[in-house]
Amino acid sequence: MDIRLLRPSDIPQIQQTNITNLPENYFCKYYMYHALSWPQLSYVAVDVSRPKKSPYDAPKVVGYVLAKMEEDPQDGVQHGHITSLSVMRTHRRLGLAEKLMRQSQRAMYETYSAQYVSLHVRVSNVAARSLYEVTLGFKNNGTEAGYYADGEDAFSMRKDLDYLREEALEEESEEEGEGSVGRDEGGEVGSAGRAGEGAERLRKVRVGRQLGVGDLVERSG
Ligand SMILES: CC(C)(COP(=O)(O)OP(=O)(O)OC[C@H]1O[C@@H](n2cnc3c(N)ncnc32)[C@H](O)[C@@H]1OP(=O)(O)O)[C@@H](O)C(=O)NCCC(=O)NCCS
């Protein structure tokens, strides 16, 4: 099983998976809007072990998470939103939904510096609520009455992404620890080493990870 980024060419299969599993369905262009606007945030689970019937037989998409950034957040806080998630019945309870969700959350944080992720879930959806609350640690942020087209209420849930910041800081300090050992072993010793004592110390700077779009915005002052 592969978990990889959603590609526009997956959309027909994702749409099929969505129609099979959920009553909330969308036009093709809505999937495309997600894929083109936030290409880092949506993932698919693909069953690559399934035997091909012909050379043109694409591997089957068995699950997906469709996610976006909230474009105009009411609270002014940069955050992501899960638009839709489902896994085919044949492939449930294998941990796929959990993996899809975790990948998307990490991408929201690393790419867009999202501070939290939000979603809606039917109050009657026991499986999804357990996934969100017990496995992933989402908190119930209130009930939205009649949120769904059939009149059912939704729980509005959210999860803070601060834990990813802490993880990154831990990783960084571990790397720094390893770095200083490396410098000691490789550095010059004796009078040659002492001659360099006054020289400028090497400073670690972060590149790539965590420098999301948010960091590239020009700020005044
Ligand atoms: C909800 C759904 C996405 C879960 O997918 P999944 O790949 O089977 O979930 P995972 O295997 O990652 O399960 C992770 C955890 O979620 C919870 N969970 C998943 N299915 C559950 C079920 N039927 N009953 C109770 N808890 C369940 C469990 O805590 C599970 O951990 P465990 O297997 O260690 O007990 C899937 O059931 C589904 O597609 N349902 C229909 C569509 C849907 O409801 N989408 C969510 C809309 S908000």
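Residues numbered from 1 in each chain as written. Predicted model: local features only at pLDDT ≥ 70, side-chain atom pairs only at ≥ 80, totals over all residues. Heavy atoms only, no water.

Caption draft 1: Quick look at the overall build of the protein chain. Along its length, the protein chain carries seven helices and seven strands. Reading the helices (α) and strands (β) of the protein chain from amino to carboxyl end gives β-α-α-β-β-β-α-β-α-β-β-α-α-α. Looking at the protein chain as a whole, 34% of its 221 residues are labelled buried. Long-range contacts, defined as pairs at least 24 residues apart, comprise 66% of the intrachain contacts of the protein chain with a sequence gap of at least 6. (Helix = DSSP H or I, 4+ residues; strand = E, 2+ residues; numbered from the N terminus. Buried < 20%, exposed > 50% of the residue type's maximum accessible area, 1.4 Å probe, protein only. Contact = heavy atoms within 4.5 Å.)

Caption draft 2: Inspection of the site of the ligand at higher detail. With respect to spatial proximity, 21 residues lie near the ligand, and among them Leu-85, Val-87, Arg-93, Gly-95 and Asn-125 are the closest. Within the backbone of Ala-97, a nitrogen or oxygen atom sits 3.1 Å from an oxygen atom of the ligand. Relative to its unbound accessible area of 920 Å², the ligand is 75% covered by the protein chains. Going through the elements one at a time, β4 (79-87), α3 (96-112), β5 (116-122) and α4 (126-135) are the ones with two or more residues in the shell around the ligand. For the shell around the ligand, the element with the highest residue contribution is α4, accounting for six residues. (Near = heavy atom within 4 Å. Polar contact = N/O pair within 3.5 Å; in protein donor to acceptor, adjacent residues only side chain to side chain. Areas by Shrake-Rupley, 256 points an atom, 1.4 Å probe, with all protein chains shown as cover.)

Caption draft 3: Region of interest: helix α2 (residues 28-37). The set of residues buried in α2 consists of Tyr-31, His-34 and Ala-35. Projection of α2 onto a plane perpendicular to its axis shows the buried side chains occupying an angular sector of 95 degrees, all on one side. Exposed residues lying more than 90 degrees from the buried face of α2 are Lys-29 and Leu-36. Looking at the buried positions of α2, the neighbouring elements they touch are α1 (11-21), β3 (60-69) and β4. (Arc of directions from axis to C-beta.)

Caption draft 4: Quick look at the pairing of β4. In terms of residue burial, β4 counts as a mostly covered element, since nine of its nine residues are buried. Note that β4 and β5 share three bridges and pair parallel. From the neighbouring strand, His-81 faces β5, where its bridge partner is Ser-118. Handedness of the β4-α3-β5 crossover: right-handed. (Pairing = 2+ DSSP bridges. Right-handed = clockwise from strand over helix to strand, strands pointing away.)

Caption draft 5: Region of the structure containing the sheet that holds strand β2 (residues 43-47). Across the sheet, seven strands lie side by side as β1-β2-β3-β4-β5-β7-β6; this open sheet has mixed pairing. The open sheet has two free edges, formed respectively by β1 (2-5) and β6 (139-144), since each of these has just one partner strand. Across the sheet, the mean angle separating the axes of adjacent strands is 25 degrees when strand polarity is ignored. Relative to β2, β1 is paired through four bridges, and the arrangement is antiparallel. Residue Arg-4 lies in a different strand from β2, and its bridge partner there is Val-44. (Axes fitted to C-alpha atoms, helices over the stretch in contact; angles between N-to-C directions.)

Caption draft 6: Expanded view of the pattern of salt bridges. With the rule as written, the count across this model stands at eleven salt bridges. Ionic pairing is found between Arg-129 and Glu-133, a salt bridge with its closest N-O pair at 3.4 Å. Of the two residues, Arg-129 and Glu-133 both sit in helix α4, four residues apart, roughly one turn of that helix. In this structure Arg-129 comes out as partly exposed when scored by relative accessible area, which is 26%. Look at Glu-133 and you get partly exposed, because its relative accessible area is 31%. Salt bridges here are not isolated pairs; linked through shared partners, they connect Glu-24, Arg-122, Asp-150 and Glu-152. (Salt bridge = Lys/Arg side-chain N within 4 Å of Asp/Glu carboxyl O.)

Caption draft 7: Quick peek at the side chain of Thr-17. Along the chain, Thr-17 falls in helix α1. For Thr-17, a relative accessible area of 2% corresponds to the buried category. Of the polar contacts made by the side chain of Thr-17, one reaches the backbone oxygen of Gln-13; its length is 2.8 Å. Not counting residues within four places of it along the chain, the set of residues in contact with Thr-17 comprises Val-61, Val-62, Tyr-64, Ser-86 and Met-88.

Caption draft 8: Expanded view of a negative patch on the surface. The grouping of Glu-166, Glu-170, Glu-174, Glu-175, Glu-176 and Glu-178 at the surface amounts to a negative patch. Mapped onto the elements of the fold, Glu-174 is located in helix α5 (residues 162-186). (Patch = residues over 30% accessible without salt bridge, like charges linked within 9 Å, V, L, I, M, F, W, Y side chains within 5 Å. Lys, Arg positive; Asp, Glu negative; His and termini not counted. Charge placed at Lys NZ, Arg CZ, Asp CG, Glu CD.)

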